[in-house]
Each structure stands twice: as structure tokens, then as C-alpha cells.
Amino acid sequence: MLNFVVRRLLAMLPVLLAVSLLTFLIASLLPGDLALVILGDQATPENVAALRRDMGLDQPLWWRYLSWLGHVLQGDLGRSFRTGQTVLQAVAERIPVSLQLMLMAEFIGLLIGVPVAIACAARAGGAFDRFMTGSAFAMLSMPSFLTAILLIYLFAVELRWLPATGYVPFTEAPLANLRFFVLPALTLALAEWPGIMRVLRSDMIATLQEDYIALAKAKGLKPSRILFVHALKPSSLTLVTVTGINIGRLLGGTLIVESIFALPGIGRLLVGAIYTRDLVILQGVVLLVACGFVIVNFIVDMLYAVLDPRIRHGHA
Amino acid sequence: MTNAAAVARKRVPIFLVAVFALATPVQAQKSGGSITVGQELEIAGFDPLKVGVYDTSTFTAAAAIFDTLTTLNDKGEAAPKLALSWTHSDDYKSWTFKLREGVKFHDGTPFNAQAFKENFDRQKDPANKCRCAFYITNVKEVLAPDEHTVIFNLTDPSVNWPAVITIQSSNNVIHSPTAWKTKGDDYNRNPVGTGPYILKSWTAGDRMVLEKNPNYWDKGRPYLDRIILKPLPDAQSRFASLQSGEADIIWDDENDADNIMKAQKDSKLTVHTYKGSGAQVYAFNTKVPPFDDVRVRQALVMAIDRPKMSQAISNGLSRPASNPYGDGSWVKCKDDGALPFDVEKAKALIKEYGKPVEFKMLVTATPRGRMIGQVLQQFWKRAGANMEIEQVDQATIPTRAFTRQFQLTPWRIVDLADPDPQMYANFRSGSPLALAGFSDPELDRLLDHARVTADITQRTEDYCAISRLINKEAIWFWTFQNTYYALSSARLKGFPKIYNGVIDVSTTWLE
């Protein structure tokens with residue numbers, strides 16, 4: 001197992017390097033001169049040239065990349081020229097919000113997706129299965145901003161059960177905090193559960209056709225025991241991957257959902273950075289998020305190996 | 001004799017406003033309570049050296065935390081705030097302000113002429129490379145001859161200077177020098193002013209809590225104990241927050257016409273509208289074909305059906321403009337020389353031009369920018385001109401405009417108390433902002449005359465003549481006047497006019 005972990009960790013290095021290069025290029029290739037952004041459109045050419053020199057923007061691209069990477073490796077991702085905050089400070093302030101949102105969304109998604117998948121697989125092709133598969137398809141095609149607006153309209157404006165926008169930290173008021181997160185998390189979860197459900201459903205249908213299930217049935221075990229104990233674990237391999245990949249996808253979703261529900265998370269930070277052309281924050285956040293994604297994938301790989309020993313021995 | 005004293009002797013008093021005239025309240029103000037303001041953007045900070053220029057959301061906070069020397073009264077005239085009275089030199093190039101005494105910043109630092117001068121010098125200092133410096137290039141220097149006197153020496157005359165400096169911009173609000181010196185980089189997010197509210201806490205991306213300044217110089221004010229500012233970037237959920245009572249007042253604009261109209265019908269809500277001065281405008285580059293021919297320019301202007309365009313982009317909320325001043329301006333013209341909407345005439349002019357009229361127009365890469373481009377494209381197609389839309393980033397437009405890399409570009413004349421600063425910059429020969437590249441001795445004469453004339457009737461005549469000349473030459477055209485919106489709960493009272501788009505809640509109270 002240790003061997004496997006080390007191999008995977010080493011494989012991550014080139015990926016992370018590629019990620020850093022791409023992030024750097026994205027920010028550098030965006031139209032608009034950083035010096036001009038900082039000084040404003042009315043800056044004189046001399047001022048712009050002086051600032052470009054100060055910031056090293058007159059150096060070749062490769063030199064700038066290496067010097068940036070050097071700083072990044074020392075934990076210095078730069079400082080926003082608009083707010084004076086460092087990237088790490090800004091991210092540290094925002095990350096708890098996004099993490100809570102993603103975890104709650106994934107949790108609600110699983111809460112809906114897993115039972116529905118099991119119920120569908122138990123009677124594959126039945127009325128319930130056909131209805132839920134259809135609904136899942138419909139939900140998958142619904143853009144999250146529309147779901148968000150519908151939920152706000154129903155639960156905040158009409159029924160007044162939940163707040164439309166806002167946030168308080170969990171440490172300050174746990175219950176209020178959860179209330180603020182219900183609608184945004186539900187918005188993301190409504191786009192999540194169909195994927196979870198479809199993957200688990202098809203895997204379970206396949207598992208239920210295996211010989212050992214037939215044996216279990218022949219032994220007269222209760223159907224619920226067969227479903228939950230004998231079929232669920234071997235069927236959840238793909239689900240683990242999907243859940244892992246979802247976390248990355250959810251980060252994309254937070255861009256929209258955090259803006260709509262006014263949650264002060266990473267998504268909002270990123271949107272704000274794009275809007276104000278705060279390239280330092282943009283670069284830093286994209287890099288951290290990409291690294292987070294790589295790490296989540298690594299964890300998924302590890303879980304895989306735990307769930308299916310054949311993988312860590314290189315047989316699968 | 002000091003230089004300052006010499007300047008002071010030449011001065012002629014215009015207004016000596018000794019007492020701060022309090023308007024008779026229509027309703028009794030109530031003290032206490034707290035409101036939540038839903039803003040469009042997240043506030044980046046307050047230090048001019050960091051943020052350069054304030055955006056609309058920062059204006060709201062700045063109006064509560066800071067004071068300016070002067071303010072605009074309900075008639076749109078300059079009124080005292082931290083300055084009690086002012087005088088000017090004969091040539092309007094030097095203005096002397098007498099400051100209110102006994103005012104202190106939130107951190108206890110006394111507000112005086114020296115503090116004001118330090119604010120100004122810090123922005124002007126080339127070593128600080130402040131983006132804000134561009135907007136004070138017309139101020140040569142600020143002097144502080146004694147503790148309560150501030151003198152502005154301007155490079156060009158300005159007859160309405162006290163009104164020009166009323167906006168809560170990064171140039172005009174006054175910071176505590178002690179605070180920025182001691183806090184350094186952290187000052188940006190820990191602003192200290194003399195204003196009616198003190199910054200209590202600020203959670204990045206979420207809320208800014210402002211609390212009543214118990215030692216505010218204007219006794220009895222402010223009324224509300226607390227103001228909470230929240231960035232709610234999405235227009236739909238911002239409006240939902242107002243409807244569900246989570247926000248008491250929200251920023252809005254014509255892009256969101258549906259919700260404004262919904263609010264107009266809702267008795268629990270109040271729609272605050274301010275018909276400002278200025279307009280949404282477009283500049284032709286008259287140095288390049290086909291716009292080097294006046295007939296083409298006139299034809300394009302005459303082909304625009306503004307009411308139809310307003311219907312298409314904002315459900316009819318946008319108010320057509322026929323001059324650059326707008327209903328909110330004191331410039332009222334009997335004849336502004338606007339070209340009539342006349343497609344047949346436009347076709348005839350293009351035919352007379354004789355060559356195909358093909359050009360590119362810059363628009364912002366936003367849904368609204370694209371839509372405006374498409375509507376104009378259709379109008380011009382009917383007149384026989386082919387326009388190609390070139391979508392660019394918002395930030396690219398000024399750069400392209402200043403370097404004259406455009407044929408037709410959108411622009412904006414913002415709501416200012418006086419037309420002079422913008423008209424002079426946009427149309428005086430040789431100005432870097434004279435985007436059309438058009439030069440006319442009569443236009444220059446009128447612009448020069450208007451800025452050194454005190455008589456309002458005479459100035460109005462000048463500006464109307466300027467409008468007639470620009471409309472006739474069609475070097476720029478105007479589509480819609482600036483209109484500003486705020487939607488609030490009907491309980492919120494005392495909300496002032498939305499000058500320059502600033503949602504100033506520092507004078508409000510809850511019924």
C-alpha cells in the first residue's frame with residue numbers, strides 16, 4: 001500500500017507543475033496590461049513603463065513564470081493590488097464557506113441519490129424506476145441559476161421560510177448558519193443527485209445479476225439485507241469516483257450559486273477577481289483550486305484502493 | 001506677506017453661508033433602528049492609493065464614513081458640510097474655503113486645514129502613483145494658510161468648484177492622516193473619517209457594519225443606530241431579499257426593468273428615481289472614413305428611433321436624450337439643435353455620400369452591450385449602412401478610445417453638478433478626451449466662455465449653443481439620459497436625491 005501511495009504522489013508532481021504553468025499562462029494571456037489595470041486608463045505611458053519595470057512585466061514570459069513559481073513554492077502567492085490582502089489571506093477567509101457549501105450539497109445529493117438509486121435498481125424497469133430516471137434527466141438539464149431563482153421565489157419570497165441571501169459564520173450562530181446554507185446547497189444538490197443516482201443504479205443492477213447475489217437469495221436472505229449489505233458496497237466503486245469528480249464540478253457551480261445567494265466563498269472571490277481584473281488573486285485562486293482538485297483525485301484513488309484491493313496491486 | 005494672504009486679498013465673496021440652514025422636515029425623524037443595504041458590488045476598500053477610484057457601492061459606504069467639504073442641497077446647489085463658506089478670486093482659478101471648527105475624526109485626530117492638505121498631497125504625489133491623481137490634475141496645489149482655511153489653486157478657471165467637489169469620490173472624501181500613517185497596508189480596509197457612521201466590522205464578501213458616530217458634529221444626526229452594507233451581486237436575488245425583508249434598500253438600474261416595474265406596483269416598496277444630468281453617449285472618430293464626412297454622421301444619428309430602442313433594452317424605462325445635459329442638469333435648452341428621427345432623410349444623405357457606408361462599432365462584451373449594438377445595427381441597416389459589432393472587454397474601451405483605435409465607441413457623461421469639467425474635456429480642441437478628433441474655433445470659444453462666466457443665464461446660453469453645434473456636426477450622439485434607481489421598503493424615510501448614482505443612506509430613518 002505504501003508503495004502505491006508513493007507512486008501516486010510522485011505522479012502528482014508533473015500534474016501540479018502543468019497546472020501552475022497553465023494558471024500562469026491564463027492570467028498572463030488575458031487581454032489587458034496589469035500595469036495599465038493598476039494605474040488606470042488615464043496613466044501616462046511613462047508611469048506605465050515604470051510600473052512594468054518595477055513588477056518585472058518587461059521580462060520574458062519564461063523568466064516571469066519561474067520567478068512567480070519560486071515565490072509560490074515559498075508560499076507567497078502575491079497580494080491583491082486592489083485590497084492589499086495576500087492571496088492566502090483572501091482564500092483563508094473564503095474557503096470555509098465554499099467547503100461547507102460543497103459538503104452540504106454533496107451530502108444532500110447523496111441523501112437523495114443513493115436511496116432513489118437503490119429503489120430503482122431493486123425494481124429496474126418498473127414504474128418508479130422509469131419515473132425517477134426521467135426526472136433525473138430533467139433535473140440534469142436544468143441550469144443551476146434557474147433552480148436557484150425558483151427556490152428563492154418559492155421558499156424566500158412566497159413562503160418566507162428561508163432567507164434569500166446572506167451568511168453568518170457557523171461559530172457565531174450555528175442554526176442561522178445552516179438556514180442560510182439550505183437553499184444554496186439544495187440548488188447544487190438538485191444538479192448532483194441525478195448523476196449519483198444514475199451511476200449507482202446501473203452498477204447495482206449489474207451487481208444484482210452476479211452469482212453470489214443469486215446464492216444469497218437462494219439462502220433466503222431478506223431482500224433489504226441483500227440490497228444494503230451484499231450489493232451496495234461492491235456497487236459503490238464508480239460512485240466514489242463520481243463523488244470525487246463532483247467536488248471539482250461543484251467548485252464550478254459555486255461561482256454561480258455563491259453569487260446568487262451572496263455567500264462570501266471562493267466562487268465569489270473568483271468572480272470578483274475576474275470582474276475587477278485582479279489578476280494576482282485570479283492566478284492564486286485558480287492555482288489553489290486546481291491543486292485542491294488534484295488532491296481530491298488523489299484521495300479518490302486511495303479510497304478506490306481501499307474499496308477494491310485488486311487496484312493497489314495493479315490487477316485492475 | 002505670505003503668498004496665501006496675497007491671494008486672499010484678491011478674492012470676492014460670492015456666498016457667505018454663515019449658518020447651516022436646516023431644511024424644515026416634512027416628517028418627524030425617528031432615531032434608532034438598523035437597516036440593511038443591498039449593493040451591487042463588493043467593496044475593495046477605501047484607500048485612494050490602493051483602490052484608485054471608488055465604484056457605486058463604495059460611494060454608499062463613503063457617504064456614511066466620511067464627509068466632504070461641501071454637499072449638494074435639494075436644488076442641486078453647493079451647500080456647507082465640513083466647509084462653512086467660500087470665496088473665489090476674480091478669475092475663478094483660486095477658491096478659499098473656511099472650515100467648520102471643532103470637528104474630529106473617528107480616531108480623535110482633529111480635522112483641520114493641515115489634515116485636508118495632507119489628504120490632497122498624498123493623492124497628488126507622483127511617487128504614490130495613485131490612479132486617483134488623474135482626476136485632480138486641474139488642481140495645481142492646496143494651501144493651508146491657517147488652521148481653518150483651505151485654498152485650492154486651479155490650473156483652469158472653474159466657476160462652480162464648490163459643487164464639483166461634492167461627490168463622495170476617492171478625491172473628495174477626507175481621511176484621518178493619523179489612521180493611514182499608523183495602519184499602513186491595513187488602512188484600506190480600516191477607514192477613518194469624520195462622517196456620521198463608524199466602521200465597526202467588515203466580513204470580506206459578506207457584510208460591513210457601520211455604527212452611529214455619537215460625536216458627530218451635526219447634532220441630532222444620524223438617526224439610524226446601524227447600517228449594514230451587503231454585496232448582493234445577483235439582481236434577481238437582490239430584489240428577492242428586498243421583497244422578503246432581508247434588505248431595506250437596494251441598488252438597481254434600468255437593466256433590471258422588470259423588477260423596477262414590479263416594485264412600482266407594490267405598496268410595501270418605494271421606488272426612488274433620480275433623473276440625473278449627463279447621458280449615455282457615443283463618439284464618432286471624425287478622422288477616419290466614413291465618419292470624416294458629416295453627412296454620414298448625420299444620417300446615422302437621424303436613423304435612431306430612441307423610443308423604440310428604449311422599449312427594446314429596458315421596457316421603455318430609458319429616457320431619450322437630445323443633448324448631453326439631461327433633465328437633472330440646470331442647463332435647460334429651448335433649442336438644443338437635436339436632429340430629428342427621419343429614416344428617409346438618412347437614406348438620402350447616405351445616397352448623397354455616394355460610397356458604401358461600412359464600419360465597426362465597439363460595444364462592451366455584456367448582454368446589454370450586445371443588445372444595444374444589435375438594435376443600432378438594425379436601425380442603420382434600414383438607412384443603408386452596414387455596421388459590424390466589435391465586442392470588447394469593458395476595460396478595453398477607454399484604452400481603445402484614448403489611443404483613437406475605433407470608428408465608433410460608446411462613452412458616458414456622468415451626473416456632475418456642473419457640465420464644465422466633462423464638456424471641456426470631451427470637446428475642447430486638443431484635449432486627450434476629445435474622442436471625436438474634431439476641432440472648431442467657435443466650439444472652443446463657447447467652452448472657454450462658459451467656464452469663466454458666473455451668470456447662469458449666460459452659461460445656459462453657451463451650453464445650449466454648444467449642444468446645437470455638436471448636434472449639427474453630429475460628432476457625438478446621445479441615446480438616453482442618465483437615470484438612477486434605488487428600491488426600498490416604504491418604511492425607509494429621508495432618502496435624498498441619488499446624485500451621481502450615490503445611494504446615500506446616512507440621512508435616512510425608519511418609520
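Residues numbered from 1 in each chain as written. Chains lettered and ligands numbered in written order. Predicted model: local features only at pLDDT ≥ 70, side-chain atom pairs only at ≥ 80, totals over all residues. Heavy atoms only, no water.

Visitor: A description of the state of the cysteines should follow, citing residues and the corresponding values.
Guide: Residue and element names in this part refer to chain B. By the definition in use, this model includes two disulfides over all chains. Here C130 engages in a disulfide with C132; their sulfurs sit 2.0 Å apart. Residues C130 and C132 share a disulfide whose torsion about the S-S bond is about 130 degrees; that sign makes it right-handed. There is no split in this pair, since C130 and C132 are both buried. (Disulfide = S-S within 2.5 Å. Buried < 20%, exposed > 50% of the residue type's maximum accessible area, 1.4 Å probe, protein only.)

Visitor: Which residues make up the packing of aromatic side chains, and what are the values?
Guide: Residue and element names in this part refer to chain B. A full pass over the atoms with the stated rule returns 29 aromatic pairs over all chains. With centroids separated by 5.7 Å and ring planes inclined at 55 degrees, the aromatic side chains of F359 and W380 adopt a geometry described as tilted. Of the two residues, F359 is situated in strand 14 (residues 357–364) and W380 in helix 12 (residues 367–382); the sequence distance between them amounts to 21 residues. Among the residues examined, F359 registers a relative accessible area of 4% and is labelled buried. What links up through ring pairs into an aromatic cluster is the set Y282, F284, F291, F359, W380 and F477. Sitting over the face of the ring of W202, R189 holds its NZ or CZ atom 4.0 Å from the ring centroid. (Phe/Tyr/Trp six-rings, centres within 6.5 Å; stacked < 30°, edge-to-face > 60°. Helix = DSSP H or I, 4+ residues; strand = E, 2+ residues; numbered from the N terminus. Lys NZ or Arg CZ within 6 Å of the ring centre and 35° of its normal.)

Visitor: Could you give an account of the interface of chain B and chain A, with specific residues and numbers?
Guide: Taken residue by residue, the interface counts 34 residues in chain B and 36 residues in chain A. Note on chain B versus chain A: buried area summed over both sides is about 2,900 Å², and carbon and sulfur give 53% of it. Inspection of the chain B/chain A interface yields three salt bridges. Where chain B meets chain A, there are 10 residue pairs in polar contact (both at pLDDT 80 or more). Considering each element in turn, the side of chain B that touches chain A owes the most residues, five residues, to helix 7 (residues 235–243) of chain B. (Contact = heavy atoms within 4.5 Å. Buried area = accessible area lost by both parts, 1.4 Å probe. Salt bridge = Lys/Arg side-chain N within 4 Å of Asp/Glu carboxyl O. Polar contact = N/O pair within 3.5 Å; in protein donor to acceptor, adjacent residues only side chain to side chain.)

Visitor: Describe in detail the environment of A417 of chain B, supporting the description with residues and values.
Guide: Residue and element names in this part refer to chain B. Relative to the assigned elements, A417 resides in the loop between strand 16 (408–413) and helix 14 (420–427). The class for A417 is buried, based on a relative accessible area of 17%. It is 30 Å that separates the C-alpha atoms of A417 and F406, two residues lying 11 residues apart in sequence. Ignoring sequence-local partners within four residues, the contact set of A417 consists of L72, N160, A163 and W330.

Visitor: Summarise the confidence of the model for chain A; cite the residues concerned and give the values.
Guide: This prediction gives chain A a mean pLDDT of 85; 94% of its residues lie at or above 70. Of all helices and strands in chain A, the one with the weakest mean pLDDT is helix 14 (residues 309–312) of chain A (67), whereas helix 8 (residues 174–207) of chain A scores best (92). (pLDDT = per-residue confidence, 0-100.)

Visitor: Which residues make up the pairing of strand 11 (residues 226–231) of chain B, and what are the values?
Guide: Residues and elements named next belong to chain B. For strand 11, a buried count of five out of six residues is recorded, marking the element as mostly surrounded by other parts of the structure. For strand 10 (residues 207–212) and strand 11, the ladder comprises four bridges, and the chain directions are antiparallel. Directly across from V209, in strand 11, lies its bridge partner I228. (Pairing = 2+ DSSP bridges.)

Visitor: Mind laying out the confidence of the model for chain B, listing which residues take part and the relevant values?
Guide: Residue and element names in this part refer to chain B. Of the residues in chain B, 95% have a pLDDT of 70 or more, and the chain-wide mean is 91. Every residue in residues 1–25 scores below 50 in pLDDT, and together they form 31 contacts with partners more than four places removed in sequence or on other chains. ipTM for the predicted complex: 0.81, alongside a pTM of 0.85.

Visitor: Before we move on, could you go through the side chain of N177 of chain A and cite the residues and values that matter?
Guide: Residue and element names in this part refer to chain A. On the secondary structure map, N177 appears in helix 8. Residue class for N177 comes out buried when judged on its relative accessible area of 0%. A polar contact of 2.6 Å, which involves the side chain of N177, links it to the side chain of Q100. Residue contacts for N177: discarding those within four places in its chain leaves Q100, Y167, V168, P169 and F170.

Visitor: Mind laying out the environment of E118 of chain B, listing which residues take part and the relevant values?
Guide: Residues and elements named next belong to chain B. Along the chain, the position of E118 falls in helix 4 (residues 113–124). Note: C-alpha distance between E118 and L143 (25 residues apart in sequence) is 9.9 Å. Setting aside anything within four residues of it in sequence, one finds E118 in contact with P177, W180 and K181.

Visitor: Tell me about the nonpolar core, and please be specific about residues and values.
Guide: Within the largest apolar cluster, 72 residues are counted, with the highest numbers of intra-cluster contacts made by L69 and F152 of chain B. Among the nonpolar cores identified, the runner-up in size contains 49 residues, and L101, V157, L162 and L208 of chain A belong to it. (Core = buried A, V, L, I, M, F, W, Y, C linked by side-chain atoms within 4.5 Å.)

Visitor: Could you give an account of helix 6 (residues 127–140) of chain A, naming the residues involved and the relevant values?
Guide: Residue and element names in this part refer to chain A. Its 14 residues give helix 6 an end-to-end C-alpha distance of 20 Å, which sits within 8% of 20 Å, the value for a rise of 1.5 Å per residue. Buried within helix 6 we find D129, M132, S135, A136 and M139. Looking straight down helix 6, one finds its buried side chains confined to an arc of 135 degrees; they lie on one side. In helix 6, the exposed positions angled more than 90 degrees off the buried face are occupied by A127, R130, F131 and F137. (Expected span 1.5 Å × (residues − 1). Arc of directions from axis to C-beta.)

Visitor: Give me the environment of P214 of chain B: which residues, what numbers.
Guide: Here P214 of chain B lies in the loop between strand 10 and strand 11. P214 of chain B sits 18 residues away from P196 of chain B along the chain, and the two C-alpha atoms are 8.2 Å apart.

Visitor: A description of the pattern of salt bridges should follow, citing residues and the corresponding values.
Guide: A full pass over the atoms with the stated rule returns 28 salt bridges over all chains. One salt bridge connects R201 of chain A with D129 of chain A, and the closest N-O pair in it is separated by 2.7 Å. Of this pair, R201 of chain A sits in helix 8 while D129 of chain A sits in helix 6; the two residues are 72 residues apart in sequence, bridging distant segments of the chain. Each member of the pair, R201 of chain A as well as D129 of chain A, is classed as buried. D146 of chain B is the salt-bridge partner of K98 of chain B, the closest N and O atoms lying 4.0 Å from each other.

Visitor: Tell me what's going on with the side chain of R459 of chain B, and back it up with residues and numbers.
Guide: Residues and elements named next belong to chain B. Locating R459 in the fold gives a position in helix 16 (residues 456–473). Among the polar contacts made by the side chain of R459, one reaches the side chain of D418 at a distance of 2.8 Å. Residues contacting R459, with those up to four places away along its chain left out, are V159, N160, W330, D418, D420, A450, T453 and A454.

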